[in-house]
Every structure is written in structure tokens, then in C-alpha cells.
Number of protein chains: 2
Amino acid sequence: MNKALLLVAHGSRRATSNDEVRAVAERLAAASDEYVLVRAAFLELAEPLIPDGIEQCIAEGADEVVVLPYFLSAGRHVVEDIPAEAAKAEVGSARVRIAPYLGSAELEEVLLSLAAR
Amino acid sequence: MNKALLLVAHGSRRATSNDEVRAVAERLAAASDEYVLVRAAFLELAEPLIPDGIEQCIAEGADEVVVLPYFLSAGRHVVEDIPAEAAKAEVGSARVRIAPYLGSAELEEVLLSLAAR
């Protein structure tokens, strides 16, 4: 399997916020050799949008794309919009899987470490 | 020092999103004995607002309040609004310190673990 990881954020009118997400994707690529590629995509306001992001991963050789919602709460964007946008991608024989959103993780250790800085 | 930790999120019209933040604050309280109390507060749309949250921590005995922005990007809310709201609190001789926002942490390990679930 050639797995790709697609980090999906909301997207912002502020270019620097979108660049922050792209930088996280780059750090993920550097931190793991499980994925043949790691990219960022956005629900709106920035590019690539989710279907394009998925299709680009496949065009670059992925046969499985893990969509990872970079969101803190399980609102409509996470529950409805991201799955709906992901379903619009033309994936051929590739698989798309949606991972749990960031806010569902155990963030205690990370948060306590920030608080202590 | 009696330190309190105040987890500050944006606040949502969806009560369940605000409850998610309060649940994170409760898990932080359970995960650490460094703070005499851990609470949640909100920039808008939910209660308590930031100045009230800080004042409540002090009323409950804290002499230092660490404000921890539960935000993923360093937008205006993190850079300007949270410090401005925190400065409105009546703190007497207590200290308020603003910690780095969540998105500035190294989230690679947490994100890769979600992607693998």
C-alpha cells in the first residue's frame, strides 16, 4: 500500500494561517516514514480543496488516502462537511479513510507542557 | 503559589462544542496536580468569558492564572483578542500569564497516532 496522509484544516483568509497548516503537514512528513506523501488541504478559503487534495495524492501514487481533520471540535465541519467533500473526489480504485479529528485525541500532555513554558 | 490553569477556547453557538472544551479542562485537572484548579473560559458566545474566568480562579484562591489558548492558529484571536480580554480582569495582586497556543506545540505524535487509528 502506498498511503498518503492529507491533513485537512478549515482554511482562512489569512495566508499565514494556511501556511501554518502546510508547515504541520511538512513536519508530519519528516516525522513518519509510513506515508509516501503528506499534504494539506482545506475545507474552504484556501487551496487545494479536499477533493483536489485527495486526487493529487492519488495522482502522485497513493492508493490509500488518510484524511485527518485538523479541527478541535466535532462540529458540522467534522461530522458532515469533510466526509461530504471527501466523497466528491474521483478516486478510481484508491481508498479514502477519514481519521478521528484532532480534538478527539488525548491532548493533556501537550497542553500541560505548553502551560509550563 | 496557587496556580490555576484557564483553558481558553473561542466559544461556539453549539453547546456540545463548549462542553468538549470543558471536558478537556476536566481531563487536565485529573492529569496534573500542579494547578489548584483548572477551568475553561471563552472568547465569546459561551460562559464564562475570559475576564470572568480569570476572576473566578482568583476568587477560588489562585494567585497565578495561566491562560492557555485552545486555538490552532496564531490569528488575531490569539495575538490580540485573548491578551486584551485577559487584561480586563480585575486581578488584585494575582498574576496572569498567557501560555503559547495549542497550534504552536509539536503535535506530530498525536496526529500520527490519530491517523493510524
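Refer to the structure above for everything that follows.
Residues numbered from 1 in each chain as written. Chains lettered and ligands numbered in written order. Predicted model: local features only at pLDDT ≥ 70, side-chain atom pairs only at ≥ 80, totals over all residues. Heavy atoms only, no water.

A. Highlighting the pairing of strand β4 (residues 95-98) of chain A. Residues and elements named next belong to chain A. In the sheet, strand β3 (residues 64-69) pairs with β4 via 4 bridges, with the strands oriented parallel. Along β4, the bridge assignment pairs Val67 with Ile98. Taken together, β3, helix α3 (residues 76-86) and β4 constitute a β-α-β crossover, and its handedness is right-handed. (Pairing = 2+ DSSP bridges. Helix = DSSP H or I, 4+ residues; strand = E, 2+ residues; numbered from the N terminus. Right-handed = clockwise from strand over helix to strand, strands pointing away.)

B. Main features of the interface of chain B and chain A. Taken residue by residue, the interface counts 37 residues in chain B and 37 residues in chain A. Summing both sides of the interface, chain B and chain A together bury roughly 3,200 Å²; the carbon and sulfur share of this comes to 64%. On the chain B side of the contact with chain A, Leu72(B), Leu111(B) and Leu112(B) bury the most area, a combined 18% of that side's loss. Here chain B and chain A share 2 salt bridges between them. Ionic pairing is found between Arg27(A) and Glu108(B), a salt bridge with its closest N-O pair at 3.6 Å. Of all the secondary structure elements, the ones that give two or more residues to the side of chain B that touches chain A are β1 (3-9), α1 (15-31), β3 (64-69) and α4 (108-115) of chain B. For the side of chain B that touches chain A, a count of residues per class yields 24 nonpolar, 6 polar and 7 charged. (Contact = heavy atoms within 4.5 Å. Buried area = accessible area lost by both parts, 1.4 Å probe. Salt bridge = Lys/Arg side-chain N within 4 Å of Asp/Glu carboxyl O. Nonpolar A, V, L, I, M, F, W, Y, C, P; charged D, E, K, R; others polar.)

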